[in-house]
There are 2 protein chains.
Amino acid sequence: MPYLILVRHGKTNWNVEGRYQGKMDIPLNEEGLSQANKVAQALREFDIKAIYTSPLSRALETAKKIAFYHPNATLHILEDLKEIDHGKWEGKLAVEIEKEYPQLYKNWKTNPSQVQMPEGESLGDVFNRAKNALDEILSLHKEKDIVCLVSHDATLKAIMCYILNLPLDYFWSFKFSNCSISFLYISKDKSFKIIYTLNTTCHLGKIVDFEIQKAL
Amino acid sequence: MPYLILVRHGKTNWNVEGRYQGKMDIPLNEEGLSQANKVAQALREFDIKAIYTSPLSRALETAKKIAFYHPNATLHILEDLKEIDHGKWEGKLAVEIEKEYPQLYKNWKTNPSQVQMPEGESLGDVFNRAKNALDEILSLHKEKDIVCLVSHDATLKAIMCYILNLPLDYFWSFKFSNCSISFLYISKDKSFKIIYTLNTTCHLGKIVDFEIQKAL
């Protein structure tokens with residue numbers, strides 16, 4: 001393709017409380033809506049041809065804010081851009097999970113590629129979905145098109161592992177702050193990639209986002 | 001360690017003209033000095049313990065601007081943070097090199113790990129130096145120290161390959177704009193790394209820096 005803008009959805013109350021969300025459809029909170037407006041403003045300058053978003057409302061609402069300033073861009077909902085299905089972890093706090101699933105939680109933090117979420121997905125499942133989504137998007141666009149993907153923390157981390165051919169245990173090496181912007185180039189045959197910038201948050205007032213996410 | 005801030009030096013006249021600089025000591029131009037002031041301002045908020053810089057004046061002058069706001073930080077000159085020695089390419093424009101060294105130039109763009117600069121260094125040489133510098137810095141600092149490295153395009157790209165265990169042919173996948181900020185964490189045993197942000201240029205007025213560098 002083209003140039004690829006990766007955006008993580010804005011903040012929700014569950015992000016603030018530190019509850020695992022996964023496939024649960026938790027809406028943006030007031031701060032999340034404000035972040036979505038800010039990322040939309042920041043992306044106004046780019047000639048975005050298409051926006052691909054997860055169907056979950058926190059992503060979809062963020063994508064719609066971006067789409068507002070790009071009336072000629074097409075908006076597509078892709079199931080494959082959904083967050084990891086955290087299964088029985090969903091709705092719980094990290095401290096609760098650490099207590100109920102001590103070994104699994106430890107593995108998630110240290111060897112995430114080996115973890116199967118109870119009644120949910122593995123990271124391999126997410127990787128395969130993310131790869132499908134990216135490959136589909138690549139096939140639809142020409143060189144120099146700029147496309148925007150609005151998705152979720154785990155899904156975007158998996159996309160970075162795919163783009164850099166990194167093992168999934170590099171999952172924790174990437175950070176995606178709510179409504180951050182990452183800008184990449186991928187050649188159509190996928191042999192050549194450029195990271196222009198990763199997890200830029202200046203439009204949200206932070207040069208570096210150190211805020212600790214509680215549910216990861 | 002600690003947290004690692006990577007900064008590329010400010011702009012020089014040779015950057016503007018597109019002349020390969022390598023070990024040549026070309027000073028910051030007016031825009032470069034302004035960029036150095038801006039990156040220094042942007043980094044004021046961080047409690048930087050030490051600044052490590054290449055001895056070349058374009059890096060050293062940038063480092064001194066940063067040091068100005070951190071009177072308690074120590075400033076160290078590390079030879080290993082110098083730019084790649086481009087040998088006989090130095091002082092020449094990309095178009096001249098493409099004419100004089102067509103195959104080598106093509107290899108540099110497509111298989112950079114295989115290139116030996118005429119009477120200069122290979123990327124492997126730069127990688128080894130960069131690795132030495134980073135390992136030395138890691139050994140000197142404790143967890144949670146914030147240290148700043150001021151260096152050059154090829155050297156910073158080699159550092160990223162080292163940090164992510166990527167083959168040197170991923171060299172071109174990284175971008176370091178003049179006076180950009182990248183913020184990383186590396187655990188003291190080097191088993192765990194986090195990229196907080198890469199090539200942030202908002203403090204220079206650009207969310208994404210698309211400017212084509214001519215001498216790469």
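Since we're looking at a predicted model, the values are computed, not measured.

(A) Highlighting the packing of helix 2 (residues 30-42) of chain A against helix 3 (residues 57-68) of chain A. All names here are of chain A. Running from N to C, helix 2 and helix 3 cross one another at 35°; their axes reach a closest spacing of 8 Å. Considering only the axes of helix 2 and helix 3, their crossing is right-handed. For the pair helix 2 and helix 3, the contacting residues are Leu-33, Ala-36, Asn-37, Val-39 and Ala-40 in the first and Thr-62, Lys-65 and Ile-66 in the second. A class-by-class count of the residues in the contact of helix 2 with helix 3 yields 5 nonpolar, 2 polar and 1 charged.

(B) Representation of the interface of chain B and chain A within the structure. Counting residues at the interface gives 28 residues for chain B, matched by 28 residues for chain A. At the boundary of chain B with chain A, the tally comes to 0 salt bridges. Listing elements by their share of the side of chain B that touches chain A, those giving two or more residues are strand 5 (181-186) and strand 6 (193-200) of chain B. The leading source of residues in the side of chain B that touches chain A is strand 6 of chain B, at 8 residues. For the side of chain B that touches chain A, the residue count by class is 19 nonpolar, 5 polar and 4 charged.

(C) Fine view of the packing of helix 6 (residues 123-140) of chain B against helix 7 (residues 153-163) of chain B. Residue and element names in this part refer to chain B. Taken N-terminus to C-terminus, the directions of helix 6 and helix 7 make an angle of 70°; their axes are 9 Å apart at the nearest point. One finds that helix 6 runs roughly perpendicular with respect to helix 7. Between helix 6 and helix 7, the residues in contact are Val-126, Phe-127, Ala-130, Lys-131, Leu-134 and Asp-135 and Ala-154, Thr-155, Ala-158, Ile-159, Cys-161, Tyr-162 and Ile-163, respectively. Counted by class, the contact of helix 6 with helix 7 contains 10 nonpolar, 1 polar and 2 charged residues.

What counts, and at which threshold
Residues numbered from 1 in each chain as written. Chains lettered and ligands numbered in written order. Predicted model: local features only at pLDDT ≥ 70, side-chain atom pairs only at ≥ 80, totals over all residues. Heavy atoms only, no water. Axes fitted to C-alpha atoms, helices over the stretch in contact; angles between N-to-C directions. Helix = DSSP H or I, 4+ residues; strand = E, 2+ residues; numbered from the N terminus. Left-handed = near helix turned anticlockwise from the far one by under 90°. Contact = heavy atoms within 4.5 Å. Nonpolar A, V, L, I, M, F, W, Y, C, P; charged D, E, K, R; others polar. Salt bridge = Lys/Arg side-chain N within 4 Å of Asp/Glu carboxyl O. Parallel < 35°, antiparallel > 145°, perpendicular 65-115°, else oblique.

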